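Take a look at the letters that make up each chain.
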Amino acid sequence: MPFMPLARTRRYFDSIDSTNTYALNWQDAPHGALVWADSQTAGRGRLGRSWSSPPGVGLYFSLVLRDLEPDTKARLSLLVGLSVAEALEELSGLRMQIKWPNDVLARGHKIGGVLCEGTSDRIVAGVGLNLNQTQDDLPQRAIFPASSLLLLAGRRFDVAPTLEAVLGSLHVRLNQNDWPAERSAIQERLYGLNELAKVGAATGLVQGIGDDGALLLRTADGVIEARSGEVEFL
Ligand code: BT5
């Protein structure tokens, strides 16, 4: 199935509740349709958490993806995270890291998040990126504090070219179908590789990413595949 994110099917809003909610409700959205907004009043993270989305400083968008291969679906959050990381590295010169399963980090700070949701034939991939926030615009977080490209790179990033760069990178990675290359690009950027971590009841050394996007932990009982939950580094 060819990927067509640059089909000119785009809907832009100055303000919206959530681009993911809109995209999920957009029943006849074609594959690659894009919803983006300057601000969100009810931006969502995983597990009912919220995504701070003030106007004029961030990039908030959702891409509708239809009929993805099962393997691609399973790895989608990581593939989107990788695409975002590669685009931002190119634009900013900062090294990006991916914290399993859906955080984009720079210098230990959370600057972006990915939220994939949907049905078996239609997935919405949502991306929130902090571009020009100052500290006052960002939520407080004790670990992996929130930051922005402005704060870390010391200059402003325009929303439109950043969006195009991320979409270009997504286009390449989702068309590539080269999981060994993608996995190694993800693992090169994986936060906490070889460190001791806990996911749910499992504790072990982070070994890498499994074929279905699981986090591999080497425990006393062998390698365990974590498929959901939060990673806590010990
Ligand atoms: C995520 O969730 O990191 C996924 C965020 C996805 C947001 C995009 S924006 C476009 C699209 N439309 C939506 O409605 N959502 C998607 P999670 O791992 O659950 O992280 C949420 C946590 O990150 C919150 O509990 C806060 O601690 C923190 N947080 C909230 N806003 C943040 C921000 N702007 N920057 C950094 N951290 C933030």
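Scroll up a little and you will see the structure.
None of the values given here were measured: they were computed from a predicted structure.

Enquirer: Explain the site of the ligand to me, using residue names and the numbers behind them.
Expert: What surrounds the ligand is a group of 27 residues, the closest being S18, R44, R49, K110 and N130. Coverage of the ligand by the protein chains reaches 93% of its 790 Å² of free accessible surface. Mapped by element, the contributors of at least two residues to the shell around the ligand are α1 (19–25), β3 (58–66), β6 (109–118) and β7 (122–130). For the shell around the ligand, a count of residues per class yields seven nonpolar, 14 polar and six charged.

Enquirer: Any details on unusual backbone geometry? Residues and values, ideally.
Expert: Negative phi values dominate among residues other than glycine, just as trans dominates among peptide bonds. In the segment running from W100 into P101, the intervening peptide bond is cis, with an omega of 0°. Positionally, P101 belongs in the loop between β4 (96–99) and β5 (103–106). We note that L47 has phi near 55°; this positive angle belongs to a residue other than glycine. Of note, L47 is situated in the loop between β2 (34–40) and β3. Its identity as a non-glycine residue notwithstanding, F144 has a phi of 45°, on the positive side. Positionally, F144 belongs in the loop between β7 and α3 (149–153). Using a relative accessible area of 13% as the deciding quantity, one classes F144 as buried.

Enquirer: Can you break down the sheet that holds β6 residue by residue, with the values?
Expert: The strand order across the open sheet formed by seven strands is β1-β2-β3-β7-β6-β5-β4, and the pairing between neighbours is mixed. The open sheet is flanked by β1 (10–16) and β4, the only strands paired with a single partner. Each strand axis lies, on average, 20° off the axis of its neighbour in the sheet, ignoring direction. As defined by bridge partners, β5 adjoins β6 across four bridges and the pair is classed as antiparallel. In the strand pairing of β6, V104 is matched with G112.

Enquirer: Which residues make up the sheet that holds strand β11 (residues 222–226), and what values go with them?
Expert: Read across the sheet, five strands follow the order β11-β10-β9-β8-β12 without closing on themselves; strand pairing throughout is antiparallel. The outermost strands of the open sheet, each flanked by one partner alone, are β11 and β12 (231–233). Neighbour-to-neighbour, the strand axes of this sheet turn through a mean angle of 45°, independent of strand direction.

Enquirer: Quick rundown of helix α4 (residues 159–176)? Include the residues and the values.
Expert: In an α-helix, one turn spans 3.6 residues; hence positions three or four apart end up facing the same way. Counted at 1.5 Å a residue, the expected span for α4 with its 18 residues is 26 Å, and the 26 Å between its end C-alpha atoms agrees. Among all positions of α4, only T162, L163, V166, L167, S169, L170, R173 and L174 are buried. Buried positions in α4, seen along its axis, are confined to an arc of 165° and lie on one side of it. Packing partners of the buried residues in α4 comprise β1, β2, β3, α2 (70–92), β7 and α5 (179–188). Following α4 by one or two positions, N177 adopts a phi angle in the positive range, close to 55°.

What counts as what
Residues numbered from 1 in each chain as written. Predicted model: local features only at pLDDT ≥ 70, side-chain atom pairs only at ≥ 80, totals over all residues. Heavy atoms only, no water. Near = heavy atom within 4 Å. Areas by Shrake-Rupley, 256 points an atom, 1.4 Å probe, with all protein chains shown as cover. Helix = DSSP H or I, 4+ residues; strand = E, 2+ residues; numbered from the N terminus. Nonpolar A, V, L, I, M, F, W, Y, C, P; charged D, E, K, R; others polar. Buried < 20%, exposed > 50% of the residue type's maximum accessible area, 1.4 Å probe, protein only. Pairing = 2+ DSSP bridges. Axes fitted to C-alpha atoms, helices over the stretch in contact; angles between N-to-C directions. Expected span 1.5 Å × (residues − 1). Arc of directions from axis to C-beta. Contact = heavy atoms within 4.5 Å.

Geometric descriptors of this kind do not, in isolation, establish any biological role.
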